[in-house]
Amino acid sequence: QLRTLLENAEIYQSKKSRFDSLESHIDILNSRIKKLRDDQEKLKININNRIEKIGVYLLNNDLKRQKEFFEAREFHIDYRNNLAFISDKNAKYSASSSFYLKNSARFAIFLASLSIDKMRFPRFILCDNMEDKGIELIRVHNFQKILIEYLRDFPDDSYQMIYTTSFIPDELNNEKYCVGEFYTEENPSLKNVQ
């Protein structure tokens, strides 16, 4: 009977020791998970702050066409609903200003990715139209100049920005920035098509 009690005590001690070891391992894993979540939350805040800062910069440097843009102190993106806004999600702007706001959001995300290494976003953007919704030629030129000026702080081989435009500023219309021909009605992109 004493032997059975001793064997049971040894089994219990072994199980208790294993339980304590597993519990300690669980605590270590939970601690690691918490740290990873905290780090991820800090990174998310850092990314959103950077995107906001760049978005505000793009809006503030727009031509004085939309008062809310050059007075903007905040900039938000609702990723779930694919919506960019300053402070009011329901604010209405002219078609050209709404287009400018959307382009600012796209480029703010891209530009933020250049300065935050851990941002899971390719350092590449393809914008198939820099002008739309009746946006003025001078406003399009200004936006392109803002982007090129901003990108001067980054090595050329660290990103790729491609955009199409019918309104390229004269100072950007060169081999450094442009690829291919400029297409017009007299020089269409599709040749030999009857």
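See the structure above.
Residues numbered from 1 in each chain as written. Predicted model: local features only at pLDDT ≥ 70, side-chain atom pairs only at ≥ 80, totals over all residues. Heavy atoms only, no water.

Colleague: For the packing of helix α1 (residues 2-60) against helix α4 (residues 137-151), give the residues involved together with the corresponding values.
Modeller: Packing of α1 against α4 leaves a shortest axis separation of 11 Å and a crossing angle of 135 degrees. Between α1 and α4, the crossing angle belongs to the class labelled oblique. Facing α1, whose interface residues are R50, I54, Y57 and L58, α4 presents F143, I146, L147 and Y150. Among the residues forming the contact of α1 with α4, the class breakdown is 7 nonpolar, no polar and 1 charged. (Axes fitted to C-alpha atoms, helices over the stretch in contact; angles between N-to-C directions. Helix = DSSP H or I, 4+ residues; strand = E, 2+ residues; numbered from the N terminus. Parallel < 35°, antiparallel > 145°, perpendicular 65-115°, else oblique. Contact = heavy atoms within 4.5 Å. Nonpolar A, V, L, I, M, F, W, Y, C, P; charged D, E, K, R; others polar.)

Colleague: Can you lay out unusual backbone geometry for me, pointing to particular residues and giving the numbers?
Modeller: Within the chain, N82 stands out as a residue other than glycine whose phi angle is a positive 55 degrees. With respect to the helices and strands, the residue N82 is situated in the loop between β1 (76-78) and β2 (83-85). For N82, a relative accessible area of 72% corresponds to the exposed category. (Buried < 20%, exposed > 50% of the residue type's maximum accessible area, 1.4 Å probe, protein only.)

Colleague: Describe the environment of I125, listing the residues and the values that go with them.
Modeller: With respect to the element layout, I125 can be found in strand β3 (residues 124-127). Judged by its relative accessible area of 9%, I125 falls in the buried class. I125 sits 101 residues away from S24 along the chain, and the two C-alpha atoms are 47 Å apart. Excluding residues that lie within four positions of it along the chain, I125 makes contacts with R106, F107, F110, Q160, M161 and I162.

Colleague: Requested: an account of the pairing of strand β4 (residues 160-163), with residues and values cited.
Modeller: Judged by which residues are buried, β4 turns out to be one-sided: M161 and Y163 face inward and are buried, whereas Q160 and I162, on the alternate face, are not. The pairing of β3 with β4 spans 4 bridges and is classified as parallel. Counterpart to F124 in the pairing with β4 is Q160. (Pairing = 2+ DSSP bridges.)

Colleague: Quick rundown of the packing of aromatic side chains? Include the residues and the values.
Modeller: Under the definition given, this model contains 7 aromatic pairs. On the basis of an interplanar angle of 70 degrees and a centroid distance of 6.2 Å, the ring pair of F110 and Y159 is categorised as edge-to-face. Here Y159 lies in the loop between α4 and β4 and F110 lies in helix α3 (residues 95-115), a separation of 49 residues in the sequence. No difference in accessibility class separates F110 from Y159, as the two residues are buried. Aromatic ring contacts, followed pair by pair, group F69, Y93, Y100, F107 and F143 into a single cluster. Of note, K64 hangs over the ring of F70, and the distance from its end group to the ring centre comes to 4.5 Å. (Phe/Tyr/Trp six-rings, centres within 6.5 Å; stacked < 30°, edge-to-face > 60°. Lys NZ or Arg CZ within 6 Å of the ring centre and 35° of its normal.)

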